[in-house]
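Overview (structure and organization)
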Amino acid sequence: KHRTPSQMSPFFRLNNLIIAIIVSAKATVAYECPEYEAIKQPSVSYYRAAELDGGPEHTWYMAATNEPTLPPICTCGVNNITVSDDQLSYSYTNTDICTGLKQPFVISIGGEIDPENPGNMKENAIIHGHQLKNLDPNMVFHIERNNDGAIDVVYTYACLGHGLFSFNVLTRTSDYSTEEIEDRISAIDEMVPGTFKLEKMKITNSTMYADCGL
């Protein structure tokens, strides 16, 4: 007996939605994965991988993203990042609140760090304790520091293969307005014109995070 879509579990429907999003994304304008040296900004000259570690709570807020595998029903993304003591590897969980799901959508990621260029990372998902092979580039190419020298904003660009890309703005707090986030994205596009895929950006502002209880 076949179940109708309404009878399927929410996670089964979510998985089908992710597949549909990936197929749709492949039909968009073609972009190429840039070399790290071509996009890294002077701001990362003294960047250390340990700075990506979120500290006691390991928390970074995903203020903006166009991650193609993230369903449109999901928002309020939070990355909890841990960097190894030798700064050669890292792992994190991405947690999102999704409309219609009783529990948050959570995925685990693990990756490797280039010791010569710590912003040049490669990663893939961890499923049932096993990391998927063929690690994909995920590059920290620009950062913003506060007056104390600590990082407030991290900009990353991931090349997922099959013509898929993910531009992300990670912030240390959730206190950013939509305008503040959009201004930052526009500034990045001016730094490296025409390089990044910036279509379909999903922004989560301070009000939205508060509505999610974060």
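Throughout what follows, the structure given in this document is the object of discussion. (Residues numbered from 1 in each chain as written. Predicted model: local features only at pLDDT ≥ 70, side-chain atom pairs only at ≥ 80, totals over all residues. Heavy atoms only, no water.)

A few words now on a negative patch on the surface. Among the surface-exposed residues, Glu179, Glu180, Glu182 and Asp183 lie close enough to one another that they form a single negatively charged patch. With respect to the secondary-structure elements, Glu180 resides in helix α3 (residues 178-191). Accessibility expressed as a relative area gives 35% for Glu180, which makes it partly exposed. (Patch = residues over 30% accessible without salt bridge, like charges linked within 9 Å, V, L, I, M, F, W, Y side chains within 5 Å. Areas by Shrake-Rupley, 256 points an atom, 1.4 Å probe, with all protein chains shown as cover. Salt bridge = Lys/Arg side-chain N within 4 Å of Asp/Glu carboxyl O. Lys, Arg positive; Asp, Glu negative; His and termini not counted. Charge placed at Lys NZ, Arg CZ, Asp CG, Glu CD. Helix = DSSP H or I, 4+ residues; strand = E, 2+ residues; numbered from the N terminus. Buried < 20%, exposed > 50% of the residue type's maximum accessible area, 1.4 Å probe, protein only.)

A few words on the pattern of salt bridges. Enumeration over the complete set of coordinates arrives at three salt bridges. Across the pair Arg184 and Glu144 runs a salt bridge, and its minimum N-O distance is 3.2 Å. Pair noted here: Arg184 is in helix α3 and Glu144 is in strand β7 (residues 136-145), with a separation of 40 residues, a long-range link. The class for Arg184 is partly exposed, based on a relative accessible area of 23%. Glu144 sits in the partly exposed class, given a relative accessible area of 22%.

Further remarks concern the packing of aromatic side chains. With the rule as written, the count across this model stands at nine aromatic pairs. Ring pairs connect the aromatic residues Phe141, Tyr155, Tyr157, Phe165, Phe167 and Phe196, which therefore count as one cluster. It is Arg172 that lies over the ring of Trp60; its NZ or CZ is 4.6 Å from the centre. (Phe/Tyr/Trp six-rings, centres within 6.5 Å; stacked < 30°, edge-to-face > 60°. Lys NZ or Arg CZ within 6 Å of the ring centre and 35° of its normal.)

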